[in-house]
Every structure is written in structure tokens, then in C-alpha cells.
Amino acid sequence: MKTIRHTTTIRAFRRVGGLMALTTLLLAGKAGASAEVAGDLVMEALDIERLAARLDPASTQATQALTPVYIGSQVAELQVLEVTFQIDSVKPVRYSYSPAESAALNQSSLHKLAQIELAPGSHRLYIDYAARGGDDRPGVPRLRSRLVQNIEAPAAGQPLVIVVKPGGLGSDPSLELVNSAGDVTLRQIDYLIHSGRYFTAASQIMQMRDAAGGSLPADYEQRLQTSIAGLRHNTPGDASASPVLAKYQSAAASLDAGRNADAIPMLEQIASEKANSAESWVLRDQANTTLGYYFLGMKQPDLAATTFKRVRSASPYANTALLGLGWAMLAPRGNAAESTAPLTAQSVKTTLSAPEKLSTARKAMPFNNAWGVATGKRADDLRRALVPWTELVGRDPTDAAVQEAMLALPYAFEHLGAHEQARDYGKRAVEQLENTRGHLEKALEHIASGEMASKIVESDSPGGSGWSWWLKDLPPPRWWLKNRPHAPPNFYFERLTEDEEFREHLEAAHQLHELGMAMSRREDIVKKSGDTALQQRMDAIEDRLIAAEVAERAVLESAATRYITSIKEQTERYLVEAHFAIARLNDRPLQVSAK
């Protein structure tokens, strides 16, 4: 491959950190801008791959003589983390699954874990897995199981299929060697598609079609078209494949039409029912956060607190929910009919995604006197609000909800009469925000230097793992507490996945990576074949891939600069407010009323 190397890009955050922006778009019922890879580029790469595969028939025949080993899962709420497989005393195969791959396993698909050479006769099979349940909190021990079994070698090319099955009462899910019923190859292709490996899926189907004389069953042709669409990155979301997503989109449509009476029960159902997939967990968390702020606006803080508490601590909505939980402790109770803020899709979208909306409760100032000191139950409410806010200020200082909590704490201490603590927390907020602004300025320099884009397109993905290089290279947890006041150069990478435009072009870059790596793998075979025409086609497509990659790098840099600049501007606004809060504390009258 010429000059620029390709890499795997981040995929796991599609259902983890980056979902705040994604599910907000779902709620608003609007599709985001799409970054497509040119269709003729995709088809040319697939055709070159198909023709190059014909030049290496020995490799294909050797593969057909091996025994493929597949693994699947029949436990929908399980997230398989790692599998170890061994036959006899041969070196074990270990594979770590990304969240996207684990989700693919739970959709009746099969991962080809290995292809091994098995001599006729008896063999000892060993396999184990580590996993966690869909609702496990941090610190919960992993689920584990192993299977040790003597097996007879199957006929050449026949598969071994191992499935994770539900365990008995009180026991972890178990591993079982099953008969290879059904179309194993089709299920393996489904795994490739569900985990985003579109090129591998499409090229496998096209080679199968060649071997079959030019035609395959309709199920394969349909998956070929899905794979090609995925490579172009223009696959539409299929809400029918996810009942909870369909329900959520129905609620969003009702909100847009002003039918709150229809939308709220649907949101409440999503918010309270058991989730059984990563996607449904995120939608449940968003539904709870949405309802929490809705109940706050309707002057029902007790209901708001209940819904906020249902949001998982590891959720992308956890910070926003913790902030709301504090205000739910303080919000006045009243008649819901008095509310002037009806719930709409647009109001929910801005409440959850616009930093300026998070300061609404603090600026409403529930106290009649800006320096009033609370007593009795009001003071107890303030102390209760301190609990979630104190936890929140220890989190990512670039997050708007965390920055809002930095100002909410001195506000609460001031109204408790703890003036020195209020001043201390105000000064701490100024220090944190100034440090954060400095980190963000360095991040912008890092982007402008080209290092961010180079890291995306030039790093290698780790072997024996479905995790992308970016997840491997993310800064350590709670980076802001380590090596202060410095931050790792890549501290902002995770935040970038929240941005819709960045994610779109990052996904397109992933598909360009697949095309480029495929051409690179076939380059030597084509050169040795002496097929001049095919060599010229490969040279031409490599030039086009390089040009497309350069264009994607420019767009990624532009999107990253815009998004990090917006976070920097948000930080500067909070910094101004923090300075103003300290000035107000210094101007406090000697005697104030207890209101």
C-alpha cells in the first residue's frame, strides 16, 4: 500500500460514550449528516479483491481443509468480554470482544474464532469465557464458565459450534458444543455485518458467488447489498430491529406533535422496564433523564429524584442526571398546571445537550435573598443536594454538567451559611476551569499540528482483539486527577465521539481503512501474478484511497476543532461566572435575612 497506512477506528463508543449525541438525534427524530464513501470506489475495491482471490487458489484450498470453530450466544443480556480456546496442547487462541462485537454475538450470529487442522481421532477441547451482565455496575465480579470435553474430529471443513447458553437457577451462563444446524456461514456473515466488518462480509459473499457459478440464495444477496451500503456508510437505521428504539421514536414523534399525554407513558415504560441490550440501556437512561427534567419543570421534584436515581453511574447521561438530582432536592413543590415549560422534542433535546440550559435551576435562585441562609427543612434539602454535586465535581472537568456543579456547590454552601467553604469551592472552581481551558487550548494545538488525525489513520489495531486502537489508546480513567496540572495529549479523544459530524466522518474513515487494508493484503499476490491490467487498477485505486483519506483527515480536523472550541467557549463562560460568584461572595452584607 502506498505511503499512508490505514487503521481501525473507534466503534465501541457507538453504544457507549458517544450515544449522548446519537440518542438525542433519535429523540429529535432527525437524521444527521452522512459522510458517504464513493460507491464506485467501493465496487472497484471489491472487484479487485475478488479477482486477486482467484490468483491464490492454493490458499483457498488449504483453508477449506481446516476445521472452523465458531462461537455464539443465546443470552441476550450478556456481554461477552473474552474467550480462550484450545485443542489438545496447541497454543491457545484468546480473543477480546468489543461491545459492538458482543452485541453482534447476541443477534443469533456466529464469530469464527479460529480455523484449525484436526487429525482424525479424539481430541481434548477446552474453552472458557469471561462476561458481564447488561445491568452490572462497576466492581461486580465477571461471569465465567468453561467447557472441557473430548471430541471426535469432524470431517474436513465441517465446523465446531460452541454456544453460550442460559445457566440454571443461580448459576452463570454455560458453554455447550452444539450441532451445526442451520446455515452456519450465513450466521458468520451476519456477525461480520453486525460488528461493522462490511468489506470482509462483502468479499466473502462475492467469492462464494464465484465459486457457485454466479448465483447465491436470496439471503446472501441481501446481505451483500447491506454490506455494500455499509461500506458506503449510508445504511439507514432499522427501528423495527429494536422494539425499544421503535417505542422511543414513537414517543419522540408524539412529543413533536404536542401529544405529551401519549409520549409520557411511553417514556415511563422505557424508563422503568428491564433493559436487555446496550442500546436499550442507553435509551432507558435517556428516558429517565428526560423524565427527570420534565418532572422538575412540572414542579414534581420527588418524581424527578426517583427517575434521576434510575440512571446508571456509567451511563453517558449520568452527569446530567446527577446535576438534576441535586436540584430535585431543592426544587419547590407546586401545581403542575402552573408550569410554563411544556415538554417537546426540541426542549428535551436542548435540556440534555445544550450547556447553557443546565444552569437554569441555579439562575432561578430559589432564595428570595441572594445571600439568604437556609434553616430547618430548607437547610436539610441543601445538605442533601451537596451529595450528588460533590460526586459530580470529581468527574471530567470538560463536561458541562460537571462545570455547572462547580458553581452549584459554592451556591449551596453560601445558603447554608458556610461562607468560607463557599469561597473555597468558588476558588477551586476558578482553578479547575482555568486548568481545563489550558488543556483545551493544548488540544486545539494538538489537532492543528495534524497529530490527532495522524493517530487516527496511522495507528495499528491490536491483534487478537475486536477493540479498536483508539479504545486501547484512550487516556487513563480519571485522567484529570493524575499528573496535575498536566493532561495527556489525547485527553479529549473520548469527548470527540459525542459530536455527530466527527462520528460520521470517523465511520467513513473506518470504511476507507477496510478498503485500503484489503488492497495492501493483495498487493504482493497481484505483483507476482504478472497481471498488468489488474496491477494498474490496483495502483489507480490506491491513489484514490490516499486522496479520500487525506480529505477525511481534513474534515476530521475541522470537526474536532469546532467541537473542542465549543467546549472551550463553554468553559470560559463558566469561568466568568465563577469569578463573578467569588466577587459576589466578597460583597456579602454582614447581616442577611434567613430566606
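Residues numbered from 1 in each chain as written. Predicted model: local features only at pLDDT ≥ 70, side-chain atom pairs only at ≥ 80, totals over all residues. Heavy atoms only, no water.

Chemist: Got a minute to help me understand the packing of helix α2 (residues 39-54) against helix α7 (residues 218-232) in this structure?
Modeler: It is at 9 Å that the axes of α2 and α7 come closest, and there the two elements cross at 125°. As summarised for this structure, α2 and α7 are arranged oblique, according to the angle between their axes. Considering the relative orientation of α2 and α7, their crossing is right-handed. Residues G39, V42, M43 and L46 of α2 pack against I228, L231 and R232 of α7. The class makeup of the residues in the contact of α2 with α7 is five nonpolar, one polar and one charged. (Axes fitted to C-alpha atoms, helices over the stretch in contact; angles between N-to-C directions. Helix = DSSP H or I, 4+ residues; strand = E, 2+ residues; numbered from the N terminus. Parallel < 35°, antiparallel > 145°, perpendicular 65-115°, else oblique. Left-handed = near helix turned anticlockwise from the far one by under 90°. Contact = heavy atoms within 4.5 Å. Nonpolar A, V, L, I, M, F, W, Y, C, P; charged D, E, K, R; others polar.)

Chemist: Sorry, what's going on with the sheet that holds strand β7 (residues 160-165) here?
Modeler: Sheet strands pair by backbone hydrogen bonding; their relative direction is either parallel or antiparallel. What the four strands build is an open sheet, ordered β4-β1-β7-β8; its pairing is mixed. The open sheet has two free edges, formed respectively by β4 (111-116) and β8 (174-178), since each of these has just one partner strand. For this sheet, the mean inter-axis angle between neighbouring strands, taken without regard to orientation, is 25°. Note that strand β1 (residues 67-73) and β4 share five bridges and pair antiparallel. What sits directly across from V69, in β4, is A114. (Pairing = 2+ DSSP bridges.)

Chemist: Sorry if this is basic, but what is going on with the pairing of β1 here?
Modeler: Side chains on a regular strand alternate between the two faces of the sheet. The element β1 is extensively covered by neighbouring structure, given that seven of its seven residues are classed as buried. Residues T67, V69, I71 and S73 point to one face of β1 and P68, Y70 and G72 to the other, with burial holding for every one of them. Where β1 and β7 come together, five bridges link them in parallel fashion. Bridged to G72 within β7 is V163. (Buried < 20%, exposed > 50% of the residue type's maximum accessible area, 1.4 Å probe, protein only.)

Chemist: Any chance you could explain the packing of aromatic side chains here in plain terms?
Modeler: By convention here, two paired aromatic rings are described through the distance between centres and the angle between planes. Enumeration according to the criterion identifies 10 aromatic pairs in this entry. Connected via pairs of aromatic rings, a cluster forms that spans W479, W480, F491, Y492 and F493. The ring of Y425 is capped by R428, whose NZ or CZ atom sits 4.5 Å from the centre of that ring. (Phe/Tyr/Trp six-rings, centres within 6.5 Å; stacked < 30°, edge-to-face > 60°. Lys NZ or Arg CZ within 6 Å of the ring centre and 35° of its normal.)

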